[in-house]
Amino acid sequence: MSLRLRLFLVILPPLLLVSVLLGLWRFGAAQRTSEDLFDRSLLAAALAISRDVAISGGDALSPSTRRFVSDAGGGEIFYHVTGPGGIYVTGYAYPPRAMADSPRDQPSYFIANYRDEEMRVLRMIEDRTIGNLSGETVVTVWQRMSDRQSFARELALRAIALMAGLMAALALVIWFGVQIGLRPLNDLQEAIRQRSPDDLGRIRRPVPTEVAGIVSTLNRLFAQVKDNIEAHQAFISDAAHQLRNPAAALLAIAETLPDVTDATEREARQSELVAAARSSARLADQLLSLERLRYDARVSLERVDLTELTRDVCLGLAPQVLSRDVDFVFEPDGEALEVELDRVLVAEALTNLLDNALRHGGAGMTRITVRTARDGVEVLLDVQDDGVGIPLDQAETVFRRFSQLRSGEGSGLGLAFVEQVMHRHDGKVCLCSVEAGTKVRLRFPAASGTGPA
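Values in this document were obtained by computation on a predicted structure and should not be read as measured data.

**A closer look at the overall build of the protein chain**
- Counting its secondary structure elements, the protein chain contains 10 helices and 12 strands.
- Contacts in the protein chain between residues far apart in sequence, at least 24 positions, make up 64% of those at least 6 positions apart.
- Entry remark: accessible area of the protein chain is about 26,400 Å², with carbon and sulfur atoms responsible for 55%.

What follows is the structure, encoded as structure tokens:
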């Protein structure tokens, strides 16, 4: 359903309902008003007849009174006049009879049947002198109810017809008015439709206040889509650049391997090929994990004891660390440190920290320490080594993708992945000042309902 039709259906039915109610009220009011006016015309006719009878002595009515009686609104008026002593003066021979006596000095109205027709009757009793006779003069005038009702109905129908015409005109005004009012929105739609798929710039055309919110939301959405596209393009470019060298190394080793005849050298080349393949697989896995973490909003949070999770990860990596002739120490907190986290993501982040320490700690590194602790409403996880170390003023650089302070075996994605994981957990990652080596600290918000006593 179009917006134009929707607005038309929203606006018009209440107006129709109001018009119907007004029409019913107007019909009833017209009938009541017409009844009052017709009764007043009966009274005016009675007074005119009474005057003419008194003036003419009962002989005749004036021409103006006769015209009024025959052309009164609501139909022809009939009349009957009796003088003092009940003598017949003028008018129709037999008037409608009242069910009760009429009061003196004021007109009385009643409904009566006259020749099988329902009549509205006015009876008026006055003291008059006709000729040489003085006494009560009774003037009776009456009118057909069917004529009065037909006249009242005609007036009401005219009013209803006028209202219906006004409603029809109003409907046309609403229909075309809505179309004119929606023209800026239609122009905006046409302007957006004519845009090229690559045009994600802001909408700058003037729009009505009611549409300004939609335009602002579209501009914000365009900006987000543009940023996402640029980020994906940067990722593709970076990934292609980073994967080119490992792929070239693999190809070079694979091409030279068939020409190696010495068994020892062949075994060494095979080991290099396996190591290069593992490095490429690790790089590809890190790239995909980092990109998936940035754009996938699904994080499976569960209440986990961070100390237990850290212990499990350290136990799994202990053989690899100890094989490098490096002391590996785990210093857990003395109590359970419950955190709402994604077990897989945090375990991968800790693995990246330990892998970074092994790759970039240098030949002089002798010790890696992992510890957990509580700091108020936060839970801390520290990974510290005594290797070469990262200067604190380079902290911003090392957390960027593909950033390395020194050439080495790493891909420059480990700390960037850790930062994204902490962002997803409403936590923080930072470098801490130490005398020697590097200390990376992860800060998690403690799970609700836990904390120091």
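What follows picks up the thread again.
**Let's talk about unusual backbone geometry**
- The phi angle at Asp-325 is positive, at roughly 60°, despite the residue not being glycine.
- As for its placement among the helices and strands, Asp-325 is situated in the loop between helix H7 (306–322) and strand S7 (327–331).
- Of note, Asp-426 is a non-glycine position whose phi angle comes to about 55°, a positive value.
- Here Asp-426 lies in the loop between helix H10 (414–424) and strand S11 (428–432).

**So, the pairing of strand S8 (residues 338–341)**
- Residues of S8 alternate between two faces, with Val-339 and Leu-341 buried on one and Glu-338 and Glu-340 left unburied on the opposite face.
- For strand S6 (residues 302–305) and S8, the ladder comprises four bridges, and the chain directions are antiparallel. Within S8, the residue paired with Glu-302 across the bridge is Leu-341.

**Some words on the pairing of strand S1 (residues 77–82)**
- Within S1, six of the six residues are buried, which leaves it mostly tucked inside the rest of the structure.
- When S1 meets strand S2 (residues 88–91), the two strands line up antiparallel, connected through three bridges. Each residue of the ladder has a partner; that of His-80, found in S2, is Gly-91.
- Taken together, S1 and the strand that follows it, S2, pair antiparallel across an intervening segment of five residues, in which Gly-85 is found at a positive phi of about 80°.

**Here we look at the nonpolar core**
- Ranked by size, the top nonpolar core spans 42 residues in total, and within it Leu-306, Leu-309, Phe-328, Leu-354, Ile-368, Leu-442 and Phe-444 carry the most contacts.
- Top element by residues in this core is helix H8 (residues 343–360). It accounts for nine residues.
- Ignoring anything within four residues of it in the chain, the contact list for Ile-368 reads Val-321, Val-326, Asp-327, Phe-328, Val-329, Leu-354, Ala-357, Leu-358, Gln-384 and Asp-385.
- Within the second largest apolar cluster, 15 residues are counted, among which are Val-53, Ile-77, Val-89 and Val-141.

**Focus: the packing of H7 against H8**
- Axis separation between H7 and H8 bottoms out at 10 Å; the angle between their running directions is 40°. Viewed along their axes, H7 and H8 adopt a mutual orientation that is oblique. You can see that H7 and H8 cross each other, and the crossing is right-handed. Across the interface between the two elements, Leu-306, Leu-309, Thr-310, Val-313, Leu-317, Gln-320 and Val-321 of H7 pack against Arg-343, Val-346, Ala-347, Leu-350, Thr-351, Leu-354, Asp-355 and Leu-358 of H8.
- Here the residues of the contact of H7 with H8 are counted per class, giving 10 nonpolar, three polar and two charged.

**Focus on the sheet that holds strand S9 (residues 367–375)**
- The five strands lie next to each other as S7-S9-S10-S12-S11, forming an open sheet whose pairing is mixed. Each having just a single partner strand, S7 and S11 make up the two edges of the open sheet. Looking at each pair of strands side by side, their axes are set apart by 15° on average, direction ignored.
- Pairing between strand S10 (residues 378–385) and strand S12 (residues 438–445): eight bridges, direction antiparallel. When the sheet's bridge partners are listed, Val-383 is paired in S12 with Val-440.
- Against the sheet, H7 engages S7, S9, S10 and S12, with an angle of about 175° to S7.

**Notes on a nonpolar patch on the surface**
- There is a patch of nonpolar side chains on the surface, built from Leu-17, Val-20, Leu-21 and Leu-24 and spanning about 410 Å² of accessible area.
- Exposure remark for Val-20: the relative accessible area of 49% places this residue in the partly exposed category.

**Some points on the packing of aromatic side chains**
- If you walk through the whole model with that rule in mind, you get five aromatic pairs.
- Consider the rings of Phe-78 and Trp-142, whose centres lie 6.1 Å apart with planes at 20°: the pair is stacked. In this pair, Phe-78 sits in strand S1 while Trp-142 sits in strand S5 (residues 133–144), placing the two residues 64 residues apart along the sequence. The pair formed by Phe-78 and Trp-142 is uniform in burial state, with each residue classed as buried.
- Both rings, one in Tyr-79 and one in Tyr-92, keep their centres 6.3 Å apart while their planes meet at 80°; by these two values the pair is edge-to-face. Separated by 13 residues along the polypeptide, Tyr-79 in strand S1 and Tyr-92 in the loop between S2 and strand S3 (108–114) bring together distant segments of the chain.

Procedures and definitions
Going along each chain's sequence as written, the residues are numbered from 1 onward. For a predicted model such as this one, the threshold for reporting local features is a pLDDT of at least 70, and the threshold for listing and counting side-chain atom pairs is 80 or more; totals across whole chains, interfaces and linings nevertheless cover every residue. Where side-chain values are given, they derive from all heavy atoms of the structure, hydrogens and water being excluded. Secondary structure elements follow DSSP: runs of H or I of four or more residues count as helices, runs of E of two or more count as strands, with numbering from the N terminus. Only heavy atoms matter for contacts: two residues are in contact if any of them lie within 4.5 Å across the pair. In these tables, accessible area is a Shrake-Rupley quantity obtained with a 1.4 Å probe, and a residue counts as shielded only by the protein chains included in the view. Here's how the labels work: a residue is buried when its accessible area is under 20% of the maximum for its type, exposed when over 50%, partly exposed in between, all with a 1.4 Å probe on protein chains only. Pairing between strands is defined by DSSP: at least two bridges between them are needed. Here the nonpolar core consists of buried residues drawn from Ala, Val, Leu, Ile, Met, Phe, Trp, Tyr and Cys, with membership extended through side-chain atoms lying within 4.5 Å. Note on definitions: angles span 0 to 180 degrees between N-to-C directions of axes, and those axes are lines fitted to C-alpha atoms, for helices only across the stretch in contact. What sets the label is the angle itself: under 35 degrees gives roughly parallel, over 145 gives roughly antiparallel, 65 to 115 gives roughly perpendicular, and the rest give oblique. By the definition used in this description, the sense in which the near helix is turned from the far one sets the handedness, with an anticlockwise turn below a right angle giving left-handed and a clockwise turn giving right-handed. We call Asp, Glu, Lys and Arg charged. Ala, Val, Leu, Ile, Met, Phe, Trp, Tyr, Cys and Pro are nonpolar, and the rest, Gly among them, are polar. The patches reported here contain residues having more than 30% relative accessible area and no salt bridge. Joining distances are 9 Å for like charges and 5 Å for nonpolar side chains (Val, Leu, Ile, Met, Phe, Trp, Tyr). A pairing counts as a salt bridge when a side-chain nitrogen of Lys or Arg comes within 4 Å of a carboxyl oxygen of Asp or Glu. Think of it this way: a Phe, Tyr or Trp ring, Trp meaning its six-membered ring, pairs with another when their centres are within 6.5 Å, and the plane angle makes it stacked under 30 degrees, edge-to-face over 60, tilted otherwise.

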